[in-house]
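Commentary on secondary and tertiary structure
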Amino acid sequence: IAQLCLGVVIGLFSARLLDGRRGAVRIASVALIGAALLADGWIERMPSVPIVVSTPDPSPPRNAVVLELPVGLVPDIAAQFRSVVGGWRTVNGYSGYLPHYYPALMDAVAVEESSAFTPFRALGDLHVIVSRETPRLIALVERQPGAVAAASGSHAVRYILPRRPAGPVPSAA
């Protein structure tokens, strides 16, 4: 909606600016507007995304809820890609915006807090795929009650954390 509104405002501004203008002034105005639009969308270079590593075999079932660790912008782009191809729902896939819970999830995973999994487990089984390059996160997942290693590959391990009621909500710090 914001982009649509901005586009309408730019269109109205441009029409007003060009109304009644002729010749060189009109050409210069169009060139200036075009340069401004080009500058607004210009980026220095595209961010590099590592090669998408396949998930451990067997992959999570279709429509499963999956959390891939570690979390972060670049790993989440790959997580989103894998979820679309695999047919499951991802907790941390990057789709252009951050869901309301995402900053709390990132912080909880960064400090290796077990409560990172609690809200998702309250809704159903949670499949957690952990990179083998992060042994501390593997240990974090293995400490979870009921955690079962469901699959293992050369790059990652997939665990299933069974549904578990959340219990009382902790107070905010």
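Placed above this text is the structure.
Below or above, wherever it landed, is the structure these notes cover. (Residues numbered from 1 in each chain as written. Predicted model: local features only at pLDDT ≥ 70, side-chain atom pairs only at ≥ 80, totals over all residues. Heavy atoms only, no water.)

What about the overall build of the protein?
- Each helix and strand counted, the protein has 6 helices and 5 strands in total.
- Start at the N end of the protein and walk to the C end: the helices and strands fall as α-α-β-α-β-α-α-β-α-β-β.
- Computed over its C-alpha atoms, the radius of gyration of the protein comes to 23 Å, more than 25% above the 16 Å expected for a compact globule of 173 residues.
- For the C-alpha atoms alone, the extent of the protein along its principal axes is close to 75 × 40 × 30 Å.
- Looking at the protein as a whole, 32% of its 173 residues qualify as buried.
- Counting only contacts in the protein whose residues sit at least 6 apart along the sequence, the fraction spanning at least 24 positions is 64%.
- In the protein, 15 positive and 12 negative side-chain charges are present, and the distance between their average locations comes to 7 Å. (Helix = DSSP H or I, 4+ residues; strand = E, 2+ residues; numbered from the N terminus. Rg over C-alpha atoms; globule rule 2.2 N^0.38 Å. Buried < 20%, exposed > 50% of the residue type's maximum accessible area, 1.4 Å probe, protein only. Contact = heavy atoms within 4.5 Å. Lys, Arg positive; Asp, Glu negative; His and termini not counted. Charge placed at Lys NZ, Arg CZ, Asp CG, Glu CD.)

Here we look at the nonpolar core
- In this structure, Leu69, Leu105 and Phe117 are the most contacted members of the largest nonpolar core, which totals 21 residues.
- For this core, the secondary-structure elements that each account for two or more residues are strand S1 (65-69), helix H4 (102-110), strand S3 (126-131), helix H6 (135-142) and strand S5 (156-161).
- Apart from residues no more than four positions distant in its own chain, Leu105 is found in contact with Leu67, Val71, Val91, Asn92, Ala116 and Phe120.
- Ala64, Val66, Ile129 and Ala156 belong to the second largest nonpolar core, which has 5 residues in total. (Core = buried A, V, L, I, M, F, W, Y, C linked by side-chain atoms within 4.5 Å.)

Structural notes on the pattern of salt bridges
- Scanning the entire structure with this criterion turns up 2 salt bridges.
- Among the ionic pairs, Glu68 bridges to Arg82, the shortest N-O distance being 2.5 Å. Residue Glu68 is located in strand S1, and its partner Arg82 is located in helix H3 (residues 73-86); the two are separated by 14 residues in the primary sequence.
- With a relative accessible area of 14%, Arg82 lands in the buried category.
- Taking the shortest distance from any N to any O, the salt bridge between Glu112 and Arg136 comes out at 2.7 Å. (Salt bridge = Lys/Arg side-chain N within 4 Å of Asp/Glu carboxyl O.)

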